[in-house]
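# Observations on the three-dimensional arrangement
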Amino acid sequence: MLNFAYHSPKTLADAIDAIRNSGGDILAGGTTMVDLMKIGVHEPPALVDITGLADLEGHEIGPDRIRFGALARMTHVADDADLVSVAPVLTESLWKAASPQLRNVARLGGNILQRTRCPYFRDTAYSQCNKRDPGSGCAALDGGETSHHAILGGSSGCVAMYPGDWAQALIAFDAEVHTQGPAGRRTIPFADLHVLPGDTPEIETILQPGEIVTGITVPVVPALKASHYLKARDRESYAFASASAAVGVELDGDTVRDVRIALGGVATTPWRARAAEDSLKGKPLTEKTAREAGRIAFADAKDLKGSAYKIKLGADVVAGALMTAKSRAQGGE
Ligand SMILES: Cc1cc2nc3c(=O)[nH]c(=O)nc-3n(C[C@H](O)[C@H](O)[C@H](O)COP(=O)(O)OP(=O)(O)OC[C@H]3O[C@@H](n4cnc5c(N)ncnc54)[C@H](O)[C@@H]3O)c2cc1C
Ligand code: SF4
């Protein structure tokens, strides 16, 4: 049995102290953390349960930015009809994640920091996993099953896919993450939060020990209203993305004034497809240019054994999502 201490602070300052003093980890909804503890992948000496920090709950839609508390529940945000009309990509990407039961429990801060689903990371019977045991090798790259691994952003040490959906909407729309920790407060562009695996796949974010995500903000721009999250997966529910796209467009007639494209299910981190965006700016958005943008989004992809399907699927998903966003920009559904 795994023994660990449990703390449930009521203030941020107490939470930061508890993490520092115990060497423990942050617990929010627990749907990633407790899972990993149960299967022996992660064994923290203590858990600091932050769900008592009421200031970190809720979300609000302002004229210039939308603010999400780190402890807002996925369900509450996905269900907000006002948010659906202002920023559909932010609700659709939550609705298409996990299951109703999980969304009721899981919080937004935990969602963006969820860990990979690489089966070799999650099964301690495999001794090779650089992410779990740095320097041990990579069972996936050493002849393993790689059809659900990343084709963008991988290294010779790790090709684990970042599995989250909401993060793609956040990176597409220049979200910022707000934190508080032993060194004080800071604001981090969402695009800088996660780091590529490189030679140190065990390091997944730039967060420092004891640094708590307190909230997330998303600037309100016209493309947010004409946005969409399209997710292709093995089953219609309760499955991670095989390929997904978070997109948004602002049009002047048919011509693209602003466009956002981020890719899920295919990369080691949340992934903004800037070259694909650039290919559309100032051009008409048509089936043909949308397909070309999809092709460009995967131009640098490196498929692994069994994962070539993601290149074609991902390009189709990008094109399909863009056409839905165009329809929304022109007043359709
Ligand atoms: C069967 C299953 C299917 C799933 N399917 C999907 C899916 O399709 N799409 C998808 O996006 N997700 C999916 N998920 C993942 C799920 O969405 C995440 O587990 C959940 O969002 C994590 O939130 P939590 O509050 O439970 O986090 P926790 O498990 O409590 O924490 C997760 C991690 O974040 C850290 N953390 C939490 N909050 C903070 C904070 N405020 N500051 C700093 N660190 C923090 C924790 O220390 C931990 O490392 C699935 C999960 C399961 C079990
Ligand atoms: S892909 Fe990454 S997480 Fe998976 S076995 Fe290799 S090192 Fe571990």
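Being a predicted model, the structure only gives us computed values, none of them experimental.

### Considering the overall build of the protein chain
Looking only at helices and strands, the protein chain has 13 helices and 12 strands in total. In terms of C-alpha radius of gyration, the protein chain reaches 20 Å, essentially the compact-globule figure of 20 Å for 333 residues. Along the first, second and third principal axes, the C-alpha atoms of the protein chain reach 60 × 50 × 35 Å. Counting across all 333 residues of the protein chain, residues that qualify as buried make up 49%.

### Topic: unusual backbone geometry
Phi at A98 is positive, roughly 55°, even though this residue is not glycine. Its location among the elements puts A98 in the loop between α5 (88–95) and α6 (100–105). In the Ramachandran plot, D174 falls in the positive-phi region, its phi being about 55° despite a non-glycine side chain. Within the secondary structure, D174 is located in the loop between α8 (166–172) and β6 (176–181).

### Side note on the site of ligand 2
If you check the shell around ligand 2, you find 15 residues, and the closest are C118, Y120, C129, C138 and C158. In terms of residue class, the shell around ligand 2 is built from 12 nonpolar, 2 polar and 1 charged.

### Quick notes on the sheet that holds strand β4 (residues 59–61)
Taken together, 5 strands build an open sheet; the order of strands is β4-β5-β8-β6-β7 and the sheet is antiparallel. Either end of the sheet is taken by a strand with one partner, and the two such strands are β4 and β7 (184–189). In this sheet, adjacent strand axes meet at a mean angle of 20° when their direction is disregarded. Alignment of β6 against strand β8 (residues 212–219), held across 5 bridges, turns out to be antiparallel. From the neighbouring strand, E176 faces β8, where its bridge partner is T217.

### As for the domain arrangement of the protein chain
Each assigned domain of the protein chain is listed here: domain 1 (5–49) and domain 2 (223–327). One C-alpha centre belongs to domain 1, the other to domain 2, and the line joining them spans 36 Å.

### Some remarks on the site of ligand 1
G29, A97, G109, G110 and N111 are the nearest of the 30 residues found near ligand 1. Those elements that place two or more of their residues in the shell around ligand 1 are β2 (25–27), α2 (33–38), α7 (108–112) and β8. Looking at the shell around ligand 1 residue by residue, the class counts come to 17 nonpolar, 9 polar and 4 charged.

### Thoughts on helix α1 (residues 12–22)
Among all positions in α1, only A15, A18 and I19 are buried. The arc enclosing the buried residues of α1, seen along the axis, measures out at 95°, which places them on a common side. Buried positions along α1 lie against β1 (5–7), β2, β3 (46–49) and β8. Once α1 finishes, G23 follows within two positions and takes phi at roughly 70°, a positive value.

### Re the pairing of β3
Judged from the 3 bridges that link them, β1 and β3 form a sheet pairing that is parallel. Its bridge partner lying in β3, H7 is registered against V48. As paired strands, β2 and β3 are joined by 3 bridges and run parallel to one another. Bridging from a neighbouring strand, D25 pairs with L47 of β3. Once you follow β2 into α2 and on to β3, the crossover reads as right-handed.

### A word on the environment of I261
For I261, the location among the structural elements is in strand β11 (residues 255–264). Under the C-beta neighbour-count criterion, I261 is labelled buried, with 29 such atoms within 10 Å. Here the alpha-carbon distance between I261 and A246, two residues 15 residues apart in the chain, equals 5.8 Å. Aside from chain neighbours lying at most four places away, what touches I261 is A172, A245, V247, A273, A276, E277, A293, A297 and V318.

### Concerning the packing of helix α12 (residues 287–297) against helix α13 (residues 309–329)
At their nearest, the axes of α12 and α13 sit 8 Å apart, and the two run at 140° to each other. What the angle tells us is that α12 and α13 run oblique. Relative to α13, α12 is oriented so that their crossing is right-handed. Along the contact surface, α12 presents E287, A290, R291, A293, G294, R295 and A297, while α13 presents G314, A315, D316, V318, A319, L322 and M323. Class assignment for the residues of the contact of α12 with α13 results in 8 nonpolar, 2 polar and 4 charged.

Analysis parameters
Residues numbered from 1 in each chain as written. Chains lettered and ligands numbered in written order. Predicted model: local features only at pLDDT ≥ 70, side-chain atom pairs only at ≥ 80, totals over all residues. Helix = DSSP H or I, 4+ residues; strand = E, 2+ residues; numbered from the N terminus. Rg over C-alpha atoms; globule rule 2.2 N^0.38 Å. Buried ≥ 20, exposed ≤ 12 C-beta atoms within 10 Å, placed from the backbone. Near = placed C-beta within 6 Å. Nonpolar A, V, L, I, M, F, W, Y, C, P; charged D, E, K, R; others polar. Pairing = 2+ DSSP bridges. Axes fitted to C-alpha atoms, helices over the stretch in contact; angles between N-to-C directions. Domains from an automatic or database assignment. Arc of directions from axis to C-beta. Contact = placed C-beta atoms within 7 Å. Right-handed = clockwise from strand over helix to strand, strands pointing away. Parallel < 35°, antiparallel > 145°, perpendicular 65-115°, else oblique. Left-handed = near helix turned anticlockwise from the far one by under 90°.

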